[in-house]
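# Chains, contacts and geometry: an overview
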Amino acid sequence: MINAVADEAGDEEITPTEIAEAIRDCLELSEVDRAPNVRRYLGEALDAVSDGMPADFVAMTLYAALGALREGA
Amino acid sequence: MVIEHMPERHSASVVLMFAGGSRLEDERLAGVSHFIEHLYFKGTERRPSSKEIADAIEGVGGFINASTDKELTAYWARVPSEHMDLGLDVLFDIVANSRLDPADVERERMVILEELRMYQDQPQDYVQNLFEELIWPDHPLGRDIAGTEESVSRLNREDILEYADAHYRLPNLVIGAAGSLDEERTVVEVRQSLSLRSGLNGTTPALSPAQLTSPRVLVRRRDTEQAHICLGARALSYMHPDRHALDLLNTVLGEGMSSRLFLNIRERLGLAYDVHSFTQKHRDTGYVGVYIGVDPKKAVDAVNAVMGELRSLRESEIAPEELARAKEFTKGRLRLELETTNGVAFWLTYQELLLGGIKTIDEELALVEAVTSADVKRVADDVLSAPLQMAVIGPFARDSAFRLAIGA
């Protein structure tokens, strides 16, 4: 999903609603709390989607969440 | 006083450069140097209006102007060489005998307030002001030279007279003259005609800005078509021995159409229309910055690409041919700058006032030539490891991705 967002597919192949739903699903997973900052970055990404921020902005925040998850793994 | 005789020219230029600009102003007096610069063109006892001042110089085809900076204020004229006496006379008249009429103070206040508002409507300029606020927080260097709407609204005629009396004195002044001129006659004219006070009285010492400890991002939300971004770090002063290496680093990074930023961010990636880098240097501090004018949808990608270029400067030395090209660019620009009598007068005066001594152009070019790729990498390591600061103007409600991009 992050790659799709980063490819600026936000308004066609994957809609902001779908991105927001996917982030909310992630936020419900217990893995999110295994590493610091993952929940924070996902929350910021969700806010960014809600505010209509550009796709590269959302993708950057999601990549940060992914990076934090990997660091904590 | 510094003089360069250039007998082959048809013009002569004279610059009156005063030590002191917006850096010496406290919060209450913010913008007073710039205010004075405006008022000095409004009229003197002998030339009671701005028209008469302009007519005196333009009547012989000359130019007269002034500029206020953070550490200096300059008044200058460029005239056909046979009118050098006139150029000196008008400049001395405006800096020593201005009327500072109360009605002019009020009129000019309105003009300056409009000037401040105009800059806020020019995001590509305004973002640099915001960036400087981040680079030098809570310090006069981080403020707009013209002051703030609050300070300009508050300044009164007494503040202006007091500040002018304290700073516009002979020990704070260097006069530069260049062109086809008679040196002895110029010196005599200066001795006879300039009537500024000689002693110093109550000048404020320029305090150094505090250390920056962390990266920061400032997003100013505006519904602009483009995102305007300035990012960079504190860098070197104009007194620093590595200043020429910094200038070459800046040239390689983002000066001109053969720079890395232009070729990679604009030409190869097509991310931005305008992308360039720049430096500013003061007595004890400075910065190197990058400006990006970019489609808001590509703003974070563009910042990430710029960060890649900054990392690359730290990771490996620049190639010998790239360094050689940067040196030729820098040396060529300096030579072109010194083509005009005005350029020479400014160059000499600036050196004498701020550096305390004058290097010839050959000495300056030799310093540029002596810089190695290792010097540039060392400076890149030093400067670009400092906490980065970034100001953004654009249609952004949030700053998280920008913060992540620079590690803030």
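Residues numbered from 1 in each chain as written. Chains lettered and ligands numbered in written order. Predicted model: local features only at pLDDT ≥ 70, side-chain atom pairs only at ≥ 80, totals over all residues.

Of the regular secondary structure elements, chain B holds 16 helices and 10 strands. Taken over the C-alpha trace, chain B has a radius of gyration of 22 Å; the compact-globule value for 408 residues is 22 Å, and the two agree within 12%. Once the C-alpha set of chain B is aligned to its principal axes, its extents read approximately 60 × 45 × 35 Å. Buried positions account for 45% of the 408 residues belonging to chain B. Considering only contacts within chain B whose residues lie at least 6 apart along the sequence, 80% involve residues at least 24 apart. (Helix = DSSP H or I, 4+ residues; strand = E, 2+ residues; numbered from the N terminus. Rg over C-alpha atoms; globule rule 2.2 N^0.38 Å. Buried ≥ 20, exposed ≤ 12 C-beta atoms within 10 Å, placed from the backbone. Contact = placed C-beta atoms within 7 Å.)

Glancing now at the interface of chain A and chain B. Size of an interface: often given as the accessible area lost when the parts come together. The partner chain B presents 13 residues to the 12 residues of chain A that form the contact. Sorting the residues of the side of chain A that touches chain B by element identifies helix H3 (38-50) and helix H4 (55-72) of chain A as the ones contributing at least two each. Ranked by residue count, the leading element in the side of chain A that touches chain B is H4(A), at six residues. A per-class count over the side of chain A that touches chain B returns seven nonpolar, one polar and four charged. (Nonpolar A, V, L, I, M, F, W, Y, C, P; charged D, E, K, R; others polar.)

What follows covers the nonpolar core. Within the largest apolar cluster, 82 residues are counted, with the highest numbers of intra-cluster contacts made by A:Val58 and B:Ile229. Residues in contact with B:Ile229, not counting those within four places in the same chain, are B:Val127, B:Ile292, B:Val294, B:Ala299, B:Val303, B:Met390 and B:Val392. (Core = buried A, V, L, I, M, F, W, Y, C linked by C-beta atoms within 7 Å.)

All names here are of chain B. Strand order in the open sheet formed by five strands is S6-S10-S7-S9-S8, and the pairing between neighbours is mixed. Strand pairing shows two members of the sheet lacking a second neighbour, strand S6 (216-221) and strand S8 (272-281), which therefore form its edges. Pairs of neighbouring strands in the sheet enclose a mean axial angle of 15°, with direction left out of account. Direction of pairing for strand S7 (residues 227-234) relative to strand S10 (residues 389-394): antiparallel, over a ladder of five bridges. Its bridge partner being in S10, His228 is matched across the sheet by Ile393. Along the sheet face, helix H10 (residues 260-268) touches S8 and strand S9 (286-294) and points at about 155° away from the line of S8. (Pairing = 2+ DSSP bridges. Axes fitted to C-alpha atoms, helices over the stretch in contact; angles between N-to-C directions.)

Phi angles above zero are rare outside glycine, and A:Asn37 is one such case at about 80°. As for its placement among the helices and strands, A:Asn37 is situated in the loop between helix H2 (16-27) and H3. Phi is positive for B:Leu100, close to 50°, though the residue is something other than glycine. Taking the C-beta count within 10 Å as the criterion, B:Leu100 has 17 such neighbours and is therefore assigned partly exposed.

The next point concerns the domain arrangement of chain B. Residue and element names in this part refer to chain B. Structurally, chain B comprises domain 1 (2-193) and domain 2 (216-406). Computed over C-alpha atoms, the centres of domain 1 and domain 2 are 28 Å apart. Tallying the contact residues gives 31 residues for domain 1 and 31 residues for domain 2. Mapped by element, the contributors of at least two residues to the side of domain 1 that touches domain 2 are strand S1 (2-5), strand S2 (11-19), strand S4 (72-80), helix H5 (123-135) and strand S5 (173-179). At nine residues, the largest contribution of residues to the side of domain 1 that touches domain 2 is made by H5. Taken together, the residues of the side of domain 1 that touches domain 2 break down into 20 nonpolar, six polar and five charged. (Domains from an automatic or database assignment.)

In this section: the packing of helix H1 (residues 32-39) of chain B against helix H7 (residues 157-167) of chain B. Residues and elements named next belong to chain B. Two elements in contact, H1 and H7, have axes separated by 10 Å at closest approach and are oriented at 95°. Compared by their axis directions, H1 and H7 come out roughly perpendicular. In this structure, H1 uses Val32, Phe35, Ile36 and Leu39 to contact H7, whose residues at the interface are Asp159, Ile160, Tyr163 and Ala164. Of the residues assigned to the contact of H1 with H7, the class counts are seven nonpolar, no polar and one charged. (Parallel < 35°, antiparallel > 145°, perpendicular 65-115°, else oblique.)

The next point concerns the pairing of S2(B). Residues and elements named next belong to chain B. Counted residue by residue, S2 has eight buried out of nine residues, so it is predominantly covered. Both S2 and S4 contribute to a ladder of nine bridges, which runs antiparallel. Bridge pairing links Ser11 to Pro80 in S4. Taken together, the seven bridges between S2 and S5 define a ladder with antiparallel strand orientation. When the sheet's bridge partners are listed, Phe18 is paired in S5 with Leu173.

All names here are of chain B. As summarised here, the arrangement of the five strands in space is S1-S5-S2-S4-S3, forming an open sheet in which the pairing is mixed. Bordering the open sheet on either side are S1 and strand S3 (63-68), each of which pairs with just one other strand. Taken over all neighbouring pairs, the strand axes of this sheet differ in orientation by 10° on average, direction set aside. Where S3 lies against S4, six bridges are found, and the strand directions are antiparallel. In the strand pairing of S4, Asn65 is matched with Trp76. On the sheet, H1 packs against S3 and S4 and is oriented at approximately 165° with respect to S3.

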